[in-house]
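Coordinates in review
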Amino acid sequence: MNNETPIQESAPDAPSAAAAAAKPARSTFVTVVAWVFICLGAAFALISGVELVGVLLLSEKTIQTAVNNSDALAHMPAYNRFFIDHLGLTLGLSLIALLLLFATAIGLLKRKRWARPTLIVLLGLAVIRYVVAVTMQLLYFSPASIPAPPNASAAEAASYQSMMSVAMYGSAIFSLAIAAVFVWIMVRLMSPSIKAEFGQQGG
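Owing to the predicted nature of the structure, the values given are computational and were not obtained by experimental measurement. (Residues numbered from 1 in each chain as written. Predicted model: local features only at pLDDT ≥ 70, side-chain atom pairs only at ≥ 80, totals over all residues. Heavy atoms only, no water.)

Digging into the overall build of the chain
Condition: Secondary structure follows DSSP: runs of H or I at least 4 residues long count as helices, runs of E at least 2 residues long count as strands, and numbering of each begins at the N terminus. Using a 1.4 Å probe on the protein chains alone, a residue whose accessible area is under 20% of its type maximum counts as buried, one over 50% counts as exposed, and one in between counts as partly exposed. Throughout, a contact is declared for two residues whenever any of their heavy atoms are within 4.5 Å.
Scanning the chain from terminus to terminus reveals 9 helices and 0 strands. Written out in order from the N terminus, the α and β elements of the chain read α-α-α-α-α-α-α-α-α. With 203 residues in all, the chain has 30% of them scored as buried. A sequence separation of at least 24 residues applies to 75% of the contacts in the chain between residues at least 6 apart.

What about the nonpolar core?
Side chains that are nonpolar tend, in soluble globular proteins, to be buried together. We apply this condition: What we call a nonpolar core is a set of buried Ala, Val, Leu, Ile, Met, Phe, Trp, Tyr and Cys residues that are connected through their side-chain atoms within 4.5 Å.
With 24 residues, the main nonpolar core has Phe37, Leu108 and Leu119 as its most contacted residues. Listing elements by their share of this core, those giving two or more residues are helix H2 (28-57), helix H6 (87-109), helix H7 (115-140), helix H8 (154-189) and helix H9 (192-200). Here the element with the most residues in this core is H7; it accounts for 7 residues. Ignoring any residue separated from it by four or fewer positions in sequence, one finds Leu119 in contact with Val33, Phe37, Leu101, Thr104, Leu108 and Leu189.

Considerations on the pattern of salt bridges
The test is simple: When a carboxyl oxygen of Asp or Glu is within 4 Å of a side-chain nitrogen of Lys or Arg, the pair counts as a salt bridge.
Applying the stated criterion to the full structure yields 1 salt bridge. Close ionic contact of Glu197 with Arg111 constitutes a salt bridge, the shortest N to O distance being 2.5 Å. Taken together, the residues Glu197 in helix H9 and Arg111 in the loop between H6 and H7 connect sequence positions 86 residues apart.

Some points on H6
Rules: Expected span, for any helix, means 1.5 Å times one less than how many residues it has.
Given a rise of 1.5 Å per residue, 23 residues ought to cover 33 Å, and the 33 Å separating the end C-alpha atoms of H6 matches this to within 8%. The set of residues buried in H6 consists of Leu91, Gly92, Leu95, Leu98, Leu101, Thr104, Ala105, Gly107, Leu108 and Leu109. Downstream of H6 by a residue or two, Arg111 has a phi angle that is positive, lying close to 65°.

Some words on the packing of aromatic side chains
Note the following rule: Two rings from Phe, Tyr or Trp (for Trp, the six-membered ring) form a pair when their centres sit within 6.5 Å of each other. Planes less than 30 degrees apart are called stacked, planes more than 60 degrees apart edge-to-face, and all others tilted.
Counting across every chain of the model gives 3 aromatic pairs. With 5.6 Å between their ring centres and 85° between their planes, Phe29 and Trp184 make a pair best called edge-to-face. Of this pair, Phe29 sits in helix H2 while Trp184 is found in helix H8, placing the two residues 155 residues apart along the sequence. Judged by relative accessible area, Phe29 falls into the buried class, the value being 13%.

Here's the deal with unusual backbone geometry
Unlike most non-glycine residues, Arg111 shows phi in positive territory, near 65°. With a relative accessible area of 1%, Arg111 lands in the buried category.

Considering the packing of H2 against H6
Basically, it comes down to this: Fitted lines through C-alpha atoms serve as axes, helices being fitted only where they are in contact, and the angles separating the N-to-C directions of these axes extend from 0 to 180 degrees. Reported orientations rely on four angle classes, namely roughly parallel under 35 degrees, roughly antiparallel over 145, roughly perpendicular from 65 to 115, and oblique for the rest. Here a crossing is called left-handed whenever its near helix is offset anticlockwise from the far helix by less than a right angle, and right-handed whenever the offset is clockwise. For this classification, the nonpolar set comprises Ala, Val, Leu, Ile, Met, Phe, Trp, Tyr, Cys and Pro, the charged set comprises Asp, Glu, Lys and Arg, and every other residue, Gly included, is treated as polar.
Following both chains from N to C, one finds H2 and H6 inclined at 155°, their axes separated by 8 Å at the closest point. With respect to each other, H2 and H6 are oriented roughly antiparallel. The handedness of the crossing between H2 and H6 comes out as left-handed. The residue inventory of the contact of H2 with H6, partitioned by class, reads 22 nonpolar, 7 polar and 1 charged.

As for the confidence of the model for the chain
Here is the rule: Confidence of the prediction at every residue is given by pLDDT, a number between 0 and 100.
The predicted model of the chain has a mean per-residue pLDDT of 79, with 68% of residues at 70 or higher. Note on residues 17-21: pLDDT under 50 across the span, and 0 contacts to partners over four residues away in sequence or across chains.

Right, dumping it as structure tokens:
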């Protein structure tokens, strides 16, 4: 007669089971936002890096000559000229910001706790940048300040000014729309459900 005692499976640890059950599900919103900024950060960082290499290969005198010979750049506001006159610095800072965005988006995808507030700060700075740029553009830049192409007729000059006006106001509306989307993302990232998701996962 077999007197072996049957082996009983141990019950799962109650606190661990409760913690697993309480863990919030990963939201689609955070995943989509993370992948969008991963793609955008990688793409624009690559473009910015290539542009920076190109600028570093050119001499400062060559860049200044090209800027001074451009009618459009010659009529730009002083704040725009500052960034163009310091193109290497501008592209370098842009590259650093884009790489930080890329790393933050990866952290967001992995639900790292530091990634959520970091992305909120980056988006907040981007919103301020867009609002300031649009304000400065509307206050100090006029399509009429850019001369029409040489030998253009009166009708062609008027058409050119109209095109520049559409481009300027269209750019302003587009920039403000992007800023509004960033604000919406920031608000969503600060919601209690998203906070709980990052509070239970990541590190």
